Amino acid sequence: MSEVEETIKRLSAHKGVEGIVVVNMEGISIRSTLDPEKTVQYAALITQLTAKARSVVRELDPQNDLTFLRIRSKKHEIMVSPDKEYILIVLQNPTN
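Below: a short report on this structure.

Conventions adopted
Residues numbered from 1 in each chain as written. Predicted model: local features only at pLDDT ≥ 70, side-chain atom pairs only at ≥ 80, totals over all residues. Heavy atoms only, no water. Pairing = 2+ DSSP bridges. Helix = DSSP H or I, 4+ residues; strand = E, 2+ residues; numbered from the N terminus. Axes fitted to C-alpha atoms, helices over the stretch in contact; angles between N-to-C directions. Contact = heavy atoms within 4.5 Å. Core = buried A, V, L, I, M, F, W, Y, C linked by side-chain atoms within 4.5 Å. Buried < 20%, exposed > 50% of the residue type's maximum accessible area, 1.4 Å probe, protein only. Expected span 1.5 Å × (residues − 1). Polar contact = N/O pair within 3.5 Å; in protein donor to acceptor, adjacent residues only side chain to side chain.

This brings us to the sheet that holds strand 2 (residues 29–32). Taken in spatial order, the five strands make up an open sheet running 2-1-5-4-3, and their pairing is antiparallel. At either end of the open sheet lies a strand with only one pairing partner, and these are strand 2 and strand 3 (69–72). Mean inter-strand twist for the sheet, computed between neighbouring axes without regard to direction, equals 15°. With respect to the sheet, helix 1 (residues 3–12) is in contact with strand 1 (17–24), strand 2 and strand 5 (86–92), its orientation differing from that of strand 1 by roughly 155°. Sitting on the sheet, helix 2 (residues 36–60) is in contact with strand 1, strand 2, strand 3, strand 4 (77–82) and strand 5, with an inclination near 60° to strand 4.

This part takes up the nonpolar core. Nonpolar side chains tend to gather and get buried jointly when the protein is soluble and globular. Counting residues in each nonpolar core, the largest one holds 14 residues, and the members touching the most others are Val 23, Tyr 42, Ile 46, Ile 78, Val 80 and Ile 89. Listing elements by their share of this core, those giving two or more residues are strand 1, helix 2, strand 4 and strand 5. In contact with Tyr 42, not counting residues within four places along its chain, are Leu 34, Thr 47, His 76, Ile 78, Ile 89 and Leu 91. Counting residues in hydrophobic clusters, the runner-up holds seven residues, among them Ile 8, Val 17, Ile 20 and Met 79.

Attention shifts here to helix 2. Counted at 1.5 Å a residue, the expected span for helix 2 with its 25 residues is 36 Å, and the 36 Å between its end C-alpha atoms agrees. Every buried residue of helix 2 is listed here: Thr 39, Tyr 42, Ala 43, Ile 46, Thr 47, Thr 50, Ala 53 and Arg 54. Elements in contact with the buried residues of helix 2: strand 1, strand 2, strand 3, strand 4 and strand 5. Capping the start of helix 2 is the job of one residue whose side-chain oxygen sits 3.1 Å from the backbone nitrogen of Glu 37: Asp 35.

So, about the side chain of Ser 32. Take Ser 32: it is sitting in strand 2. Reaching out from Ser 32, the side chain makes a polar contact with the backbone nitrogen of Leu 34 at a distance of 3.0 Å. Here Thr 39 takes part through its side chain, which lies 2.7 Å from a polar atom of the side chain of Ser 32. Beyond its immediate stretch of four places on either side in the chain, Ser 32 contacts Ile 20, Val 21 and Thr 39.

Our next topic: the pairing of strand 3. As paired strands, strand 3 and strand 4 are joined by four bridges and run antiparallel to one another. Looking at strand 4, one finds that Arg 72 is bridged to Glu 77. The hairpin turn running from strand 3 into strand 4, its antiparallel successor, is four residues long.

Encoded structure:
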């Protein structure tokens, strides 16, 4: 099993995790546990938000970079871990 598959399996086992999406920097899904429609929606929107957040961090301090982004709403908590080539998106239920 690849490192990516092991990571997805490990994260999926956590209480409240509803889905995991791995996308490249263009917002194209590489691997997902969500249905195809939600995968495309989350991949596109979170990639744009991550790029904007990274831009803000670098604008404030050019020596800095975005390492993690957490978004919490009434229905979901979205955790985003950007890397050089990929973005890991974890969607979970915040009440758990």
